[in-house]
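Commentary on secondary and tertiary structure
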Amino acid sequence: MNIVLMGYMGSGKSLIGKELSKKMALEYLDLDDYIEIQEKKSISEIFEEKGEIYFRRKESVYLKEVLEHHKNRVISLGGGTPCFAGNLEIIQNSSSTKSIYLQTSLEELIKRLFKERNKRPLIQHLQTQDELKDFVRKHLFERSFYYNQADYKMVTDKKDSNQIVEESLALLL
């Protein structure tokens with residue numbers, strides 16, 4: 001079985017994915033890292049050189065590839081992955097895949113993302129916390145429809161990574 005973690009950027013998908021994979025003795029795969037290897041460019045470079053539409057198309061191709069050819073893994077998606085190009089249906093139609101939405105509050109996301117916004121192409125142009133808050137609020141509104149279709153939902157606020165991993169295990173096993 002593959003376990004797919006989805007949620008907004010900064011929700012902890014990579015951290016939880018790595019820890020959950022260790023607990024379950026499964027390999028870990030970060031879809032963004034996979035895309036960077038396949039494209040031989042960073043996500044920022046792809047966005048800058050070829051734009052978001054190109055990136056989203058490639059993201060969909062690589063998601064299909066990963067779910068078809070890489071089994072028994074914990075896979076962290078990019079924040080927008082389930083929201084574009086029929087990717088949610090690809091995940092839902094994969095019989096050997098379970099998905100978990102790591103739901104994180106707007107306030108917690110702003111706290112995490114503001115200090116690392118320069119590393120994230122979608123938000124690096126935002127200068128203030130208020131700008132970031134408006135941007136994230138809009139995205140969460142648009143994306144929650146997709147995220148909430150995950151097989152399981154995990155509220156992450158006020159929990160450390162160990163708690164989230166243990167609760168995820170309880171859902172999956």
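The following refers to the structure shown. These numbers were taken from a predicted model, which means no experiment stands behind them. (Residues numbered from 1 in each chain as written. Predicted model: local features only at pLDDT ≥ 70, side-chain atom pairs only at ≥ 80, totals over all residues. Heavy atoms only, no water.)

Right, let's get into the overall build of the protein chain. For the protein chain, the count of helices and strands is seven helices and five strands. A compact globule built from 173 residues would reach a C-alpha radius of gyration of about 16 Å, and the protein chain, at 15 Å, matches this within 12%. The proportion of buried residues among the 173 residues of the protein chain is 47%. Across the protein chain, contacts joining residues at least 24 apart in sequence account for 73% of those joining residues at least 6 apart. Accessible surface, the protein chain: about 9100 Å² in total, of which carbon and sulfur atoms supply 49%. Once the 27 positive and 27 negative side-chain charges of the protein chain are each reduced to a mean point, those two points are 1 Å apart. (Helix = DSSP H or I, 4+ residues; strand = E, 2+ residues; numbered from the N terminus. Rg over C-alpha atoms; globule rule 2.2 N^0.38 Å. Buried < 20%, exposed > 50% of the residue type's maximum accessible area, 1.4 Å probe, protein only. Contact = heavy atoms within 4.5 Å. Areas by Shrake-Rupley, 256 points an atom, 1.4 Å probe, with all protein chains shown as cover. Lys, Arg positive; Asp, Glu negative; His and termini not counted. Charge placed at Lys NZ, Arg CZ, Asp CG, Glu CD.)

Secondary-structure assignment places Thr104 in the loop between strand E4 (97–103) and helix H5 (106–114). When its relative accessible area of 8% is taken as the criterion, Thr104 is described as buried. Apart from residues no more than four positions distant in its own chain, Thr104 is found in contact with Ser11, Leu109, Arg112, Thr156 and Asp157.

Turning our eyes to something else, we now look at the pattern of salt bridges. Between side chains of opposite charge, pairing is possible as soon as their charged atoms come close. Applying the stated rule across the entire model yields 12 salt bridges. Residues Glu166 and Lys23 are paired through a salt bridge, measuring 3.0 Å at the closest nitrogen-oxygen approach. Of this pair, Glu166 sits in helix H7 (residues 161–172) while Lys23 sits in helix H1 (residues 13–24), placing them 143 residues apart in sequence. What makes Lys23 exposed here is its relative accessible area of 54%. (Salt bridge = Lys/Arg side-chain N within 4 Å of Asp/Glu carboxyl O.)

Moving on, we get to the packing of aromatic side chains. Under the definition given, this model contains four aromatic pairs. Summarising the aromatic geometry, the rings of Tyr34 and Tyr62 are spaced 5.9 Å apart at their centres and angled 75 degrees between planes, so their arrangement reads as edge-to-face. Taken as a pair, Tyr34 in helix H2 (residues 31–39) and Tyr62 in helix H3 (residues 43–69) lie far apart in primary sequence, 28 residues in all. Looking at Tyr34, the relative accessible area reads 12%, which means it is buried. Here the basic side chain of Arg117 rests over the ring of Phe114, its NZ or CZ set 4.0 Å away from the ring centre. (Phe/Tyr/Trp six-rings, centres within 6.5 Å; stacked < 30°, edge-to-face > 60°. Lys NZ or Arg CZ within 6 Å of the ring centre and 35° of its normal.)

Core analysis: the biggest nonpolar cluster contains 36 residues, and Met6, Tyr8, Leu77, Leu113, Leu132 and Val136 have the highest contact counts within it. At the level of secondary structure, the elements contributing two or more residues to this core comprise strand E1 (2–6), H2, H3, helix H4 (87–92), H5 and helix H6 (129–147). At eight residues, H3 tops the list of elements feeding residues into this core. Filtering out sequence-adjacent residues up to four positions away, Tyr8 remains in contact with Lys13, Gly79, Leu109, Leu113, Phe135, Val136, His139, Leu140, Arg143 and Tyr147. Ranked by size, the runner-up nonpolar core spans 14 residues in total, among them Ile16, Ile164, Val165 and Leu172. (Core = buried A, V, L, I, M, F, W, Y, C linked by side-chain atoms within 4.5 Å.)

On to the sheet that holds E4. Pairing within the open sheet is parallel, and its five strands lie in the order E2-E3-E1-E4-E5. Looking at strand neighbours, the two that pair on one side only are strand E2 (27–30) and strand E5 (152–155), the edges of this open sheet. With direction set aside, neighbouring strand axes in the sheet form an average angle of 20 degrees. Taken strand by strand, H1 contacts E1, E2, strand E3 (73–76) and E4, and its axis lies near 165 degrees from that of E2. Against the sheet, H2 contacts E2 and E3, and its axis sits at roughly 70 degrees relative to E2. (Pairing = 2+ DSSP bridges. Axes fitted to C-alpha atoms, helices over the stretch in contact; angles between N-to-C directions.)

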